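Working through the structure, step by step
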There are 2 protein chains.
Amino acid sequence: MNIVLLSGGSGKRLWPLSNDVRSKQFIKIFKTPHGSYESMVQRIYRQIKTADKDANITIATSRAQVSAIHNQLGDDIGISVEPCRKDTFPAIVLASAYLTDVRGVNPEESVVVCPVDPYVEDAYFEALKSLGRLAEKGDANLVLMGIEPTYPSEKYGYIIPESNDTVSSVSTFKEKPHMETAKEYIAQGALWNGGVFAYKLSYLLDKAHSLLDFTDYEDLYNKYDTLPRISFDYAVAEKESRLQVMRFRGEWKDLGTWNTLTEAMEENVIGSGILNDQCSGVHIINEMDVPILAMGLSDVVISASPEGILVSDKEQSSYIKPYVDGLEQQIMFAEKSWGSFRVMDVENESMTIKVTLNAGHKMNYHSHRNRDEVWVVIQGKGRTIVDGMKQNVKSGDVITMSAGCRHTIIAETELKLIEVQLGTDISVHDKQKFELEYD
Amino acid sequence: MNIVLLSGGSGKRLWPLSNDVRSKQFIKIFKTPHGSYESMVQRIYRQIKTADKDANITIATSRAQVSAIHNQLGDDIGISVEPCRKDTFPAIVLASAYLTDVRGVNPEESVVVCPVDPYVEDAYFEALKSLGRLAEKGDANLVLMGIEPTYPSEKYGYIIPESNDTVSSVSTFKEKPHMETAKEYIAQGALWNGGVFAYKLSYLLDKAHSLLDFTDYEDLYNKYDTLPRISFDYAVAEKESRLQVMRFRGEWKDLGTWNTLTEAMEENVIGSGILNDQCSGVHIINEMDVPILAMGLSDVVISASPEGILVSDKEQSSYIKPYVDGLEQQIMFAEKSWGSFRVMDVENESMTIKVTLNAGHKMNYHSHRNRDEVWVVIQGKGRTIVDGMKQNVKSGDVITMSAGCRHTIIAETELKLIEVQLGTDISVHDKQKFELEYD
């Protein structure tokens, strides 16, 4: 099975755990069969590999997520990187061209496209396989998944099928309705459009060439910023006559708010937290290294990260966005392809950061115009390159770098360091990258 | 007026803002007339000085609080330091001997003793002055303040006066009663015993010499650990026949729990915090540098410090103690006489701390057996002494110190530094202090 996971943009609805650089799909909140925690993207990746160990998984995403994806899924995962954000049609065409031109997939094979973030069980992945087989069979150009509604949601578009059969032609599509209209749709047998569908690569690429002027993946990638912002539904699905919908009645949850997300949590507390016996329906998700004590609360979610602390009635939590948009914040932690960092202290003319490099990984070779830096290695060993000079380093070593000096550190084991940045104009944008002449 | 403020021990009822090293009286939670925030001890000190600018204030406390008192009240405050914790009688005798023998107060002057932590208004301090005058007048050896009860409290002892006059003889004392008994006492005209009283120094010292074997302050200080644990009420008040009680009807609050403390807050939010419009009766006290967002909560207190985060229904907050006692915590921040520190990161073989030295202050000259240290100065200027060698330092300078090396830093301006401790057995107890030969 070829599968393209659409990994959507950043959002603040799960603040303080999601932010401008970390989307909700990277929050480690789900208990694995082995007792540790995994994120949405790790969970769905694991579930796909369980359903089909040979699945060819590609993640279609923006540049901003590449580091986090490599950090969470390793270096072997296929990523189709959008040079800038367009809508779903350009993203899906780019991923399809990536599959044929970069990964060498036969254009007669089918591809299943689905969002990275639904909370689903095994039956869903069996349905994805069926979807792919239907597309390959070729009775339709496009096979959609129609999810049987569990309530008259205003959040989804609806698909009205021609019949109640498991696989049916499509009568029509409906935009996100108001609740009363949603009830009418459901009475007519309508299904949720969860953005899951399958097609043959050759079909989609022919369609793409008829709508966009490009030769191959590389050409498309280079002119990506000139492409129209247009959704897949509008460009393709709603105009296609050879269309099928396959009915799915298994569990399918969209965990977009704290209220729905906590429903999917197996335990009430993740991280350091205590609930007294007068708490009911309380969830704690604590990414800080200090304990949270909750007493006498009902139906409240408490979430803490180095960016902030949310304490919200669960129902109220869906109204979070305007409050969080009002917060002026710098990014206080991030996962990178080489490890992670956390901001520990910010002063007018200094910033102190804890950096963790995974074994075998390194920073870019870079310099800063407006700040000096000091590294104190606190764990592990590796080597630094400073203005071309190599040096082995270990816990306890101190490296000082003046503004302009080129530097990197390569971790032999897992390596942790305290970085003190010193200057009058400290900014994440003050970074010049260089090629290493040797390593 | 001579006044002795009894500054009681540490407690965890206001966790995470109070802890083993910071008592509730040092939490800066009250808005000053100038718009900044002050602690209980700063508030009462300011109020006394407003009522009587010449007041001679002595704080009777333990060694553990001396740094915090100097940090909050400056270096000129009189402190009678108990070498170890006994009960109120030895503490009051020590403070009285301190006043005559160290501060040179005339033994015929009176002293007013009161706890450091009641939340009171100006009328209270006028009452303290009256109490002192009554003691000096000498119609009684001991003059107690009797607070008119506002409800049948189970938390206080009661004083039954002979009459309803403003000043009366005392009929008897009653231990903390159950509520029904408290109601009966109040029906008899009983007053709360708030631990506020006045006496002539000569009276108390004569009494002390009759009960304890000591010559003067220094002698008493040196044998303090051999003294009996005995309360002032038991040793003196309940046995004294020449006793008066002075009635006080002004505001007098004991802010011992989050519930009562938040009642005394002028604003709902101290520190960085947002309440949405669906919150009512919510208080945020945030000592962290990340924002707290509260949504849809009622009658909840949220308090955050580098030691932890409390989210509690206000009524429930009085039951906090067993939960906090169960937390194993190291001290994450503290106010010292020279400034303050905050723990930023703890690893197995390293600890990273931010240190702030007030201008003109210095650390002790000290060394560590089992850890190396690195200082990175991030703000201000001063000088270091490392194994006797002086060096001027400023922002950006790095100082490395091996285990065993003696070191201190003296702040010329306010000076901030990042201290990285490195070793396999890092402990606050690994500290040897030395005299500086020169400075």
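Computed from a prediction, not measured in an experiment: that's the story for all the values here.

So, about the overall build of chain A. Scanning chain A from N- to C-terminus turns up 10 helices and 30 strands. Taking 439 residues into account, the globule formula puts the C-alpha radius of gyration at 22 Å, and chain A, at 24 Å, falls close to it. Over its C-alpha atoms, taken along the principal directions, chain A stretches across nearly 70 × 60 × 40 Å. Counting all 439 residues of chain A, 55% fall into the buried class. Sequence separation of 24 or more characterises 66% of the internal contacts of chain A that already satisfy a separation of 6 or more. Carbon and sulfur atoms provide 44% of the accessible area of chain A, an area that totals close to 18600 Å².

Our focus in this paragraph is the relation of the copies chain B and chain A. Superposition of the two copies of the chain requires a rotation about an axis and a shift along the axis. Once chain B has been moved 0.1 Å along the axis and rotated by 180°, it coincides with chain A to within an RMSD of 0.1 Å. Considering both components of the superposition, the chain copies are consistent with a two-fold axis. Within chain B, B:M344 has its C-alpha nearest the rotation axis, a separation of 3.1 Å. Of the interface residues in chain B, 100% have counterparts in chain A that sit at the interface too, so the contact is made through matching surfaces.

The next point concerns the nonpolar core. Here is a general trend for soluble globular proteins: nonpolar side chains tend to be buried in one another's company. All names here are of chain A. Ranked by internal contacts, the top residues of the largest apolar core, which has 42 residues, are L5, Y124, L128 and M145. Ranked by the residues each element gives to this core, the list is headed by helix α4 (residues 122–137), at seven residues. Setting aside residues no more than four positions away along its own chain, L128 makes contact with M1, I3, V112, C114, M145 and V196.

All names here are of chain A. Pairing is antiparallel in the open sheet, where six strands are placed in the order β20-β21-β22-β29-β24-β27. A strand with exactly one partner marks an edge of an open sheet, and here the two such strands are β20 (333–336) and β27 (398–401). Neighbour-to-neighbour, the strand axes of the sheet open up by a mean angle of 20°, direction not taken into account. Direction of pairing for strand β24 (residues 372–379) relative to strand β29 (residues 415–422): antiparallel, over a ladder of seven bridges. When the bridges of β29 are listed, E373 appears paired with Q421. Along the sheet, helix α2 (residues 63–73) contacts β20 and β21 (339–347); its crossing angle with β20, the most-contacted strand, is approximately 70°.

Here we take up the pairing of strand β9 (residues 157–161) of chain A. Residues and elements named next belong to chain A. Burial runs high along β9: five of the five residues are buried. Every second residue of β9 is oriented toward a common face, with G157, I159 and P161 on one face and Y158 and I160 on the other, all of them buried. Bridge count for β9 against strand β11 (residues 191–200) is three bridges, and the pairing is antiparallel. Considered in β11, the bridge of G157 is made with N193. As paired elements, β9 and strand β10 (residues 167–174) share four bridges and run antiparallel to each other. Residue I159 lies in a different strand from β10, and its bridge partner there is F173. Linkage of β9 to β10, two consecutive antiparallel strands, is achieved through a turn of five residues.

On to unusual backbone geometry. Residue A:P16 follows A:W15 across a cis peptide bond; omega there is 5°. Structurally, A:P16 is set in the loop between β1 (2–6) and β2 (30–31). For B:D299, which is not a glycine, the phi torsion comes out positive at approximately 50°. With respect to the helices and strands, B:D299 occurs in the loop between β17 (292–295) and β18 (300–305).

A few words now on the confidence of the model for chain A. Residue and element names in this part refer to chain A. With 99% of its residues at a pLDDT of 70 or more, chain A shows a mean pLDDT of 93. When mean pLDDT is taken per element in chain A, β29 scores highest with 98 and β20 scores lowest with 85. At the level of chain-chain contacts, confidence expressed as ipTM amounts to 0.83, with global pTM at 0.83.

A few words on the packing of aromatic side chains. In the structure shown here, the tally under the stated rule is 26 aromatic pairs over all chains. Considering the side-chain rings of B:F197 and B:F232, the 4.3 Å spacing of their centres and the 5° angle between planes classify their relative orientation as stacked. Here B:F197, found in strand β11 (residues 191–200), pairs with B:F232, found in helix α8 (residues 232–235); they are 35 residues apart in sequence, far enough to count as distant. Among the aromatic residues, those joined into a cluster by ring pairs are A:Y151, A:Y156, A:W192 and A:W252. A cation over an aromatic ring shows up here: A:R43 above the ring of A:F30, its NZ or CZ 5.8 Å from the ring centre. Positioned above the aromatic ring of B:Y119 is the side chain of B:R43, whose terminal nitrogen or guanidinium carbon lies 3.9 Å from the ring centre.

Glancing now at the sheet that holds strand β22 (residues 350–357) of chain B. Residues and elements named next belong to chain B. Spatial strand order, β20-β21-β22-β29-β24-β27: six strands in an open sheet with antiparallel pairing. Both edges of this open sheet fall to β20 (333–336) and β27 (398–401), since each of them pairs with a single strand only. Across this sheet, the average inter-strand angle for adjacent strands is 20°, counted without regard to direction. Packed onto the sheet, helix α2 (residues 66–73) meets β20 and β21 (339–347) and runs at close to 70° relative to β20.

Bringing the pattern of salt bridges into the picture now. Scanning the entire structure with this criterion turns up 48 salt bridges over all chains. Its salt-bridge partner being A:D345, residue B:R342 comes within 3.3 Å of it at the nearest N-O pair. Separated into two different chains, B:R342 in strand β21 and A:D345 in strand β21 make up a pair that spans both. Judged by its relative accessible area of 3%, A:D345 falls in the buried class.

For the rest of this paragraph, the subject is helix α6 (residues 201–211) of chain B. B:L201, B:S202, B:Y203, B:L204, B:L205 and B:A208 are the residues of α6(B) that are buried. Here the buried face of α6(B) lies against α3 (88–102), β6 (110–115), β11 and α8 of chain B.

Moving on: the environment of A:I159. Residues and elements named next belong to chain A. Structurally, I159 can be placed in strand β9. I159 gets classed as buried once you look at its relative accessible area, which sits at 0%. Leaving out residues up to four positions away in the same chain, I159 has contacts with L144, M145, G146, V170, T172, F173, A190, L191, W192, N193 and V245.

Facing 52 residues of chain B, the contacting portion of chain A comprises 52 residues. Interface area, chain B with chain A, both sides summed: about 4100 Å², of which 68% is carbon and sulfur. Counting across the chain B and chain A interface gives eight salt bridges. Note that B:E347 and A:K416 form a salt bridge whose closest N and O atoms lie 2.9 Å from each other. The tally of links from chain B across to chain A stands at 20 residue pairs in polar contact (both at pLDDT 80 or more).

Bringing the side chain of B:Q421 into the picture now. All names here are of chain B. On the secondary structure map, Q421 appears in strand β29 (residues 415–422). Given a relative accessible area of 3%, Q421 falls into the buried group. The contact partners of Q421, leaving out residues within four places of it in the chain, are E349, S350, M351, I353, R371, D372, E373 and I426.

Residue and element names in this part refer to chain B. Counting buried residues in strand β8 (residues 142–147) gives six out of six residues, a clear majority hidden from the surface. Sheet topology places β8 next to strand β12 (residues 243–248); six bridges connect them, and they run parallel. Paired with L142 across the two strands is L243, which belongs to β12.

Reading the values: rules and limits
Starting from 1, residues in each chain are numbered consecutively following that chain's sequence as written. The lettering of chains begins at A and the numbering of ligands begins at 1, in the order of writing. Two thresholds apply to this predicted model, a pLDDT of at least 70 for residue-level local features and 80 or more for giving and counting side-chain atom pairs, whereas whole-chain, interface and lining totals are computed over all residues. Hydrogens and water molecules were not included; the side-chain quantities draw on all heavy atoms of the structure. Each helix corresponds to a stretch of at least 4 residues labelled H or I by DSSP, and each strand to a stretch of at least 2 residues labelled E; elements are numbered beginning at the N terminus. It is over C-alpha atoms that the radius of gyration is taken, and the globule rule equals 2.2 Å times the number of residues to the power 0.38. When accessible area is computed with a 1.4 Å probe and restricted to protein chains, residues below 20% of their type maximum are described as buried, those above 50% as exposed, and intermediate ones as partly exposed. When checking whether two residues touch, look at their non-hydrogen atoms; a contact exists if any pair is within 4.5 Å. In this description, accessible areas are obtained by the Shrake-Rupley approach with a 1.4 Å probe, and a residue is regarded as covered only by the protein chains that are shown. Superposition of the copies used a least-squares fit over C-alpha atoms from residues whose pLDDT is at least 70 in both. By nonpolar core we mean a set of buried residues, namely Ala, Val, Leu, Ile, Met, Phe, Trp, Tyr and Cys, connected to one another through side-chain atoms within 4.5 Å. In this analysis, strands are considered paired if DSSP registers two or more bridges between them. With axes taken as lines fitted to C-alpha atoms, and helix axes fitted only over the stretch in contact, angles between N-to-C directions fall between 0 and 180 degrees. Confidence of the predictor at the level of single residues is given by pLDDT, which spans 0 to 100. Planes of paired rings set the category: under 30 degrees apart is stacked, over 60 is edge-to-face and the rest tilted, where pairs are Phe, Tyr or Trp rings (Trp by its six-membered ring) whose centres lie within 6.5 Å. Charges are assigned to positions over rings by a cutoff of 6 Å between ring centre and Lys NZ or Arg CZ, combined with an angular limit of 35 degrees from the ring normal. One speaks of a salt bridge when a side-chain nitrogen belonging to Lys or Arg is within 4 Å of a carboxyl oxygen belonging to Asp or Glu. For any pair of parts, buried area is found by adding up, for both, the accessible area (1.4 Å probe) each one loses once the two are put together. Whenever two N or O atoms come within 3.5 Å, that pair is a polar contact, provided that in protein one can donate a hydrogen and the other can accept it, and provided that, for residues adjacent in sequence, both atoms are side-chain atoms.

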